[in-house]
Amino acid sequence: MSQQPLPPAPALNLDDIQGDVILGIPKRVEWFLFFKIVNPAHFKKHLKQLIPAITTTNDIVKARKAIDDHKKKGDPGLIKLSGINVSFSQRGLNALGITDNLADPQFAAGQFASAQDIKDPGQVVNGAFDPAWLPQFKSHDIDGLFLFAGDSEATINEDCDKVFHVLGSSFKQVFKVHGNVRPGKEKGHEHFGFLDGVSLPAIASVQTPLPGQLVVPPGIIVVGADGDPNLASRPSWAANGSFLVYRQLNQLVPEFDKFLLDNPIQEPGLPPAKGSELLGARLVGRWKSGAPIDITPKVDDPALAADPQRNNNFDFSGVADQSKCPFAAHVRKTNPRSDLTNLFGADAVKPHAINRNGIPFGPEVTPQENHEHKTHCDRGLSFVCYQTVLANGFEFIMKSWANNIGFPLQKPVVPGFDPIIGQNGNDARTMQGTNPDAQTATLNLPFEFVVAKGGEYFFTPSITALKTKFTA
Ligand code: HEM
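Residues numbered from 1 in each chain as written. Predicted model: local features only at pLDDT ≥ 70, side-chain atom pairs only at ≥ 80, totals over all residues. Heavy atoms only, no water.

A separate point is the overall build of the protein. Counting secondary structure elements, the protein contains 15 helices and 15 strands. Taking 2.2 N^0.38 as the reference for a compact globule, 472 residues should give roughly 23 Å; the C-alpha atoms of the protein span a radius of gyration of 22 Å, in line with that estimate. Principal-axis analysis of the C-alpha atoms places the extent of the protein at approximately 70 × 55 × 50 Å. Looking at the protein as a whole, 54% of its 472 residues qualify as buried. Considering only intrachain contacts with a sequence separation of at least 6, the fraction spanning at least 24 residues in the protein is 72%. With the model as given, the accessible surface of the protein reaches about 19300 Å², and the carbon-plus-sulfur share is 54%. (Helix = DSSP H or I, 4+ residues; strand = E, 2+ residues; numbered from the N terminus. Rg over C-alpha atoms; globule rule 2.2 N^0.38 Å. Buried < 20%, exposed > 50% of the residue type's maximum accessible area, 1.4 Å probe, protein only. Contact = heavy atoms within 4.5 Å. Areas by Shrake-Rupley, 256 points an atom, 1.4 Å probe, with all protein chains shown as cover.)

By nearness alone, 27 residues border the ligand, and Val198, Ser199, His330, Arg337 and Arg356 come closest of all. Within the side chain of Arg337, one N or O atom sits 2.7 Å away from an oxygen atom of the ligand. Within the side chain of Arg356, an N or O atom sits 2.8 Å from an oxygen atom of the ligand. Those elements that place two or more of their residues in the shell around the ligand are strand S9 (242-251), helix H11 (330-334), strand S12 (380-387) and helix H14 (394-402). Within the shell around the ligand, the residues separate by chemical class into 16 nonpolar, six polar and five charged. Both of domain 1 (19-248 + 455-469) and domain 2 (250-453) provide at least three residues apiece to the shell around the ligand. (Near = heavy atom within 4 Å. Polar contact = N/O pair within 3.5 Å; in protein donor to acceptor, adjacent residues only side chain to side chain. Nonpolar A, V, L, I, M, F, W, Y, C, P; charged D, E, K, R; others polar. Domains from an automatic or database assignment.)

Another aspect to go through is the nonpolar core. Note on soluble globular proteins: their nonpolar side chains tend to be buried together. Counting 115 residues, the largest nonpolar core has Phe34, Phe88, Phe146 and Phe470 as the members making the most contacts within it. For this core, the leading source of residues is strand S1 (residues 29-37), giving seven residues. A domain-level breakdown of this core finds at least three residues from each of domain 1 (19-248 + 455-469) and domain 2 (250-453). Other than its neighbours up to four places away in sequence, Phe146 contacts Trp31, Phe32, Leu33, Phe35, Leu47, Leu50, Ile84, Asn85, Val86, Val163, Leu167 and Phe171. (Core = buried A, V, L, I, M, F, W, Y, C linked by side-chain atoms within 4.5 Å.)

Taken domain by domain, the protein holds domain 1 (19-248 + 455-469) and domain 2 (250-453). Taking the mean C-alpha position of each, domain 1 and domain 2 sit 25 Å from one another. Between domain 1 and domain 2, the contact holds 71 residues from the first and 65 residues from the second. Summed over both partners, the interface of domain 1 with domain 2 buries about 5700 Å², with 56% contributed by carbon and sulfur atoms. Among the residues domain 1 hides against domain 2, the three largest losses belong to His191, Phe192 and Phe194. Together they make up 16% of the total. One can count three salt bridges joining domain 1 with domain 2. Residue Asp196 pairs with Arg356 through a salt bridge whose shortest N-O separation is 3.0 Å. Summed over the shared surface of domain 1 and domain 2, the result is 36 residue pairs in polar contact (both at pLDDT 80 or more). (Buried area = accessible area lost by both parts, 1.4 Å probe. Salt bridge = Lys/Arg side-chain N within 4 Å of Asp/Glu carboxyl O.)

Residues Leu443 and Leu445 point to one face of strand S14 (residues 442-445) and are all buried, whereas Thr442 and Asn444, pointing to the other face, are not buried. Sheet analysis places strand S13 (residues 429-432) next to S14, joined by four bridges and oriented antiparallel. Bridge assignment links Thr430 to a residue of S14, and that residue is Asn444. (Pairing = 2+ DSSP bridges.)

The protein gives the iron atom of the ligand a lone donor atom, His330 (NE2), placed 2.1 Å from the metal. By the element assignment, His330 lies in helix H11. (Donors = N, O, S within 2.8 Å, 3.2 Å for Na, K, Ca; no water.)

With that settled, consider the side chain of Ser199. Within the secondary structure layout, Ser199 lies in the loop between strand S6 (171-180) and strand S7 (202-203). Here the side chain of Ser199 touches Asn312 through a polar contact of 3.3 Å, side chain to side chain. A distance of 3.3 Å separates the side chain of Ser199 from the side chain of Arg337, its partner in a polar contact.

Residue position: Gln432 is located in strand S13. Placed 18 residues apart in sequence, Gln432 and Val414 show a C-alpha to C-alpha distance of 7.1 Å. Among all residues touching Gln432, those that are not within four sequence positions of it are Gln322, Pro326, Val413, Val414, Pro415, Gln439, Thr440, Ala441 and Thr442.

Glycine aside, residues mostly have negative phi angles, and peptide bonds mostly take the trans form. A cis amide bond links Phe407 to the next residue, Pro408, at an omega of -5 degrees. Mapped onto the elements, Pro408 comes out in the loop between H14 and S13. The backbone phi angle of Ser205 is positive, close to 80 degrees, even though this residue is not glycine. Residue position: Ser205 is located in the loop between S7 and strand S8 (215-216).

Moving on to a positive patch on the surface. A grouping of Arg28, Arg64, Lys71 and Lys187 is seen on the molecular surface, where their side chains present a positively charged patch. Turning to its location among the elements, Lys187 is positioned in the loop between S6 and S7. (Patch = residues over 30% accessible without salt bridge, like charges linked within 9 Å, V, L, I, M, F, W, Y side chains within 5 Å. Lys, Arg positive; Asp, Glu negative; His and termini not counted. Charge placed at Lys NZ, Arg CZ, Asp CG, Glu CD.)

Here the focus is H14. Along H14, the residues that are buried comprise Phe394, Glu395, Ile397, Met398, Trp401 and Ala402. As for H14, its buried residues are in contact with helix H5 (105-109), S9, H11, helix H12 (338-344), S12 and strand S15 (450-460).

Attention shifts here to the UniProt feature "domain: DyP dimeric alpha+beta barrel" (unreviewed entry) in the protein. The UniProt record marks residues 16-183 with the feature "domain: DyP dimeric alpha+beta barrel" (unreviewed entry), using the residue numbering of this structure. Taken end to end, residues 16-183 is 37% helix and 24% strand, and its two terminal C-alpha atoms sit 34 Å from one another. (UniProt positions renumbered as here; feature names shortened; annotations may be inferred.)

Before going further, it helps to spend a moment on the side chain of Ser242. Following the sequence through the fold, Ser242 ends up in strand S9. Ser242 gets classed as buried once you look at its relative accessible area, which sits at 0%. A polar contact is formed between the side chain of Ser242 and the backbone oxygen of Ile221, at a distance of 2.7 Å. The residues contacting Ser242, other than those within four sequence positions of it, are Val21, Ile221, Val223, Tyr386, Gln387, Phe458, Phe459 and Thr460.

Quick look at the pattern of salt bridges now. What the rule picks out here adds up to 21 salt bridges. Lys80 is the partner of Glu158 in a salt bridge, and the nearest nitrogen-oxygen pair spans 3.2 Å. Placement of the pair is Glu158 in helix H7 (residues 153-167) and Lys80 in the loop between helix H3 (57-73) and strand S2 (82-88), with a sequence separation of 78 residues. A relative accessible area of 45% places Glu158 in the partly exposed class.

In structure tokens:
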């Protein structure tokens with residue numbers, strides 16, 4: 001894969017960009033506090049006091065170094081660490097009297113307006129689409145979002161108390177989601193059991209890319225930076241901000257496991273349990289360990305998974321068919337690598353890169369749920385991603401890739417839906433290529449393993465913008 005060298009980018013001001021946008025706040029737990037602004041004048045006055053407590057990207061650089069030093073010393077336990085970030089919906093900007101157009105129509109309209117387009121389940125009521133979302137996300141009350149992330153509930157509770165203390169009655173909580181990294185060996189794995197957060201874009205001028213990692217101009221993630229496609233139409237105060245997508249995605253884990261159990265890939269000499277494991281890997285495009293099936297298609301390879309020099313170094317170009325990886329596998333749909341660059345040039349994937357920083361929520365599956373193959377409590381992914389153009393990032397991935405049965409393009413079969421996040425409104429989905437020996441066979445995906453429960457689009461302003469536009 002040949003890659004054009006990027007023009008040298010001016011260095012980003014890492015003291016001005018909130019900490020979750022590029023590097024992600026290190027976390028074992030994270031709270032998402034969705035809030036409404038009750039008294040805009042008081043809110044602006046009080047927020048000023050909170051600005052020193054907002055975590056910047058440079059704070060994260062230091063925090064990560066502290067974690068590395070702690071690990072090297074072999075000290076037991078986690079160091080006490082926490083971070084606070086704040087973001088606003090268009091509704092929140094309106095409440096604060098900020099009238100500038102941020103040049104992102106999807107942000108301005110809010111995620112509710114996109115629900116039908118991204119094929120969230122729901123129904124038309126009196127001519128208007130009503131997504132099957134949690135009522136909180138339909139309340140039209142969400143002006144902003146505080147992220148609290150850190151090593152423990154006790155630590156982030158202190159930060160949360162501080163915010164409530166400072167903002168007082170100028171704002172009110174609409175609701176709060178508690179995310180937590182899964183326990184023990186499942187640390188870093190999402191609820192279906194697959195290692196998450198393996199492949200993220202490297203931001204030119206900030207991060208040194210690992211082999212196979214997509215390098216994007218900083219303006220794909222940071223507004224106003226080199227490569228921001230809408231640079232010319234943004235107000236200058238939007239620089240160093242980013243658009244945050246929050247999605248509450250419930251995962252039906254016992255049902256997903258049962259589906260794998262019922263549909264093992266059958267190959268001579270492959271025990272059914274291994275066939276189920278292989279099907280799971282072929283739906284995601286990686287084994288549960290994180291090892292990519294494009295490199296190790298038949299058996300898991302935990303040593304490969306753990307090696308950052310190798311675990312992202314693939315581009316689906318080795319074979320033209322689906323013998324290694326189904327065209328519709330989740331990681332292939334959401335980062336098509338050579339499927340796209342072969343057709344449209346080396347830069348084709350870059351505009352669609354997103355920086356993902358979500359966290360699982362909800363308890364571990366109980367023995368009863370396992371036994372009944374039925375979900376009894378809410379669990380899933382608090383999906384968070386950052387980008388500078390929602391129509392190129394999250395919305396593009398959902399509409400043009402995950403939900404588009406014809407994508408990747410120009411393949412000998414119709415690839416079908418992304419089995420993990422592809423949506424078809426209230427209708428069932430199919431995909432092809434899960435069975436390496438019968439690649440045109442259609443697999444029926446009888447229900448959505450991941451259920452969209454709502455969300456919102458936010459803008460995460462720079463520290464300078466917080467000082468100049470959001471405070472008084
Ligand atoms: C509950 C829902 C989801 C689950 C269980 C899930 C799971 C995973 C897993 C296991 C990986 C592979 C590890 C990695 O490379 O980080 C992955 C990668 C990825 N996911 Fe998801 N994901 C979910 C939702 C989403 C959504 C909503 C999007 C965007 C619309 C998305 C976009 C991506 C991207 C861009 C990658 C990286 C692909 C690559 O670069 O190879 N995911 N996801």
